[in-house]
Amino acid sequence: MALDLSALRDNYVAAVSERRDGNYSDIWDKSVYSRFAEFMLDPAVWEDFQGNGFAEGMGYSRNFKAGERTVPLEFTDPGSRARAEKWFRDLRAKCGTDFVDRLLESRIGRPPTVETGGVSVSFHDLRLVYNAWVLDKACGILDWRDRSTVFMEIGAGYGGLPCKIKTLFPRSKYIVIDLPEANAIQAYYIENFDPSLKVFRYLDFKEIGFDGFLDGDFDIALLPTQCIDMIGDRTVDFAINIRSLTEMTAPIVDEYFRQIHRVVRESGAFYNANRFDNRGSGDHLQFKTFPYDSRWTPLFSSTAWTQYQIHELVTVRTAFDVDGAPVSFLADLPPYGWGDVRRGGRDVGRKIMAIVFGLGQGTGNPGWGRTLLGQGENPDGTIARARRSLGRVKRGLSGKFQRKD
């Protein structure tokens, strides 16, 4: 049965009417959201949502244009083909061919794809396969593969990861907490991925409450941000956030950590994959200053596959304060400053090299060369502002002395 777009819009309108102020950071204040309800009943918009900008910020597409793709349907340039071939080969080697091939999906919403090895793949989908592998690996270590695990993802993009996790763990329940626009897109994606998955939406929540999801035969809950208050203490086994905490404002980040500390049960886990350093939300956020409390112990910690600017940390919730936490697993992450060097500790030489030569954009350590060229992380830095001022002067002079016909 096809998804009822009228019911989809009814859930969206109800959720938007009761949303909390301040949940849309500068990054997520998308122009398409002002017209979202207007286009929700158009099947053609949904069929192409990963290419026309309707899901802006959740994949490749930007700048919504009804009836028009803003990104190509296929990347055919040699660079994209070479990158896809390498990513696909490396991912199969890391995660296993059967695991990767089982989870690939590059059809729904018509994302831009690349043909490699006789398979059409989406770069974004390959990363979601990797994220699913990390979660699968953690569940294996924690001996959770044969249990009814409750996952909760804060910010789930267009809904790709919930579908992959339900494929790996059919008995699990999956809660998504997100903006109403994202919830609508997730509902469309999930329905087209597997119509047998039973989705619990906002109007269901209003009618039977959150316990109705836990006690009923629902698979995935798609709920706006205000509903997180209604999730019971120590209800969640595995909390997840991938690449969106550092896109929020600092007060929202603080609130989400408070909620994660509340809802994750003892011996539960938290998978956090975010930028080392980001200023795009209007606040300057860093992974190393995330407000973890002292009741976490790290399971594994590493830089993300194909994304040097993203750090991944899986932590396990404890019943007691852990000595030295969270400083013990956050303090040695980039970005580094001379204060980190003076404090000594591990890898002082590596930290000096990072400060001087840089670790790349998005890490908070662009290196002296990029900083002196005004290409550092801080758009309000003295050198960056001076370069912009000089550029304005040059443009003004160019206009002043331009010969008129």
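Quantities reported herein were computed from a predicted structural model and do not represent experimental measurements.

Reading guide: rules and limits
- Residues numbered from 1 in each chain as written.
- Predicted model: local features only at pLDDT ≥ 70, side-chain atom pairs only at ≥ 80, totals over all residues.
- Heavy atoms only, no water.
- Core = buried A, V, L, I, M, F, W, Y, C linked by side-chain atoms within 4.5 Å.
- Buried < 20%, exposed > 50% of the residue type's maximum accessible area, 1.4 Å probe, protein only.
- Contact = heavy atoms within 4.5 Å.
- Phe/Tyr/Trp six-rings, centres within 6.5 Å; stacked < 30°, edge-to-face > 60°.
- Helix = DSSP H or I, 4+ residues; strand = E, 2+ residues; numbered from the N terminus.
- Salt bridge = Lys/Arg side-chain N within 4 Å of Asp/Glu carboxyl O.

Novice: Go over the nonpolar core with me, naming the residues and quoting the values.
Specialist: If you look at the biggest cluster of nonpolar residues, it comprises 74 residues, and the most contacted ones within it are Trp46, Phe54, Phe238 and Tyr271. Not counting residues up to four positions away in its chain, the partners in contact with Tyr271 are Tyr130, Asn131, Val134, Leu135, Phe238, Ala239, Ile240, Asn241, Ile242, Glu312, Leu313 and Val314.

Novice: Can you break down the packing of aromatic side chains residue by residue, with the values?
Specialist: What the rule picks out here adds up to 34 aromatic pairs. With a centroid separation of 5.8 Å and an interplanar angle of 90 degrees, the aromatic rings of Phe49 and Tyr188 are classed as edge-to-face. Note that Phe49 is positioned in the loop between α3 (43-47) and α4 (78-95) and Tyr188 in helix α8 (residues 180-193), a separation of 139 residues in sequence. Judged by relative accessible area, which is 0%, Phe49 ranks as buried. Among the residues examined, Tyr188 registers a relative accessible area of 11% and is labelled buried. Geometrically, the ring pair formed by Tyr130 and Trp305 is tilted, given 5.7 Å between the ring centres and 35 degrees between the ring planes. Placement of Tyr130 in helix α6 (residues 123-141) and of Trp305 in the loop between β11 (296-304) and β12 (307-317) is noted, with a sequence separation of 175 residues between them. Under the relative-accessibility criterion, Tyr130 is labelled buried at 6%.

Novice: Can you tell me about the pattern of salt bridges, naming the residues and giving the values?
Specialist: In this structure the tally under the stated criterion is 22 salt bridges. Its salt-bridge partner being Arg35, residue Glu38 comes within 3.9 Å of it at the nearest N-O pair. Judged by relative accessible area, which is 55%, Glu38 ranks as exposed. Classification of Arg35 by relative accessible area gives partly exposed; the value is 38%. Lys166 is paired through a salt bridge with Asp219; the nearest N and O atoms lie 3.0 Å apart. Of the two residues, Lys166 sits in helix α7 (residues 160-168) while Asp219 sits in the loop between α9 (202-215) and β6 (220-224), which places them 53 residues apart along the sequence. Here Lys166 and Asp219 have matching classes, each one buried. Taken together, the shared-partner salt bridges connect Asp48, Arg69 and Arg110 into one network.

Novice: Lay out the environment of Trp368 in plain terms, naming residues and giving numbers.
Specialist: If you trace the backbone, Trp368 turns up in helix α14 (residues 368-372). Between the C-alpha atom of Trp368 and that of Asp90, which follows or precedes it by 278 residues, the distance is 32 Å. The residues touching Trp368, leaving out its near neighbours within four places in the chain, are Trp338, Ile355 and Val356.

These figures capture arrangement, not role.
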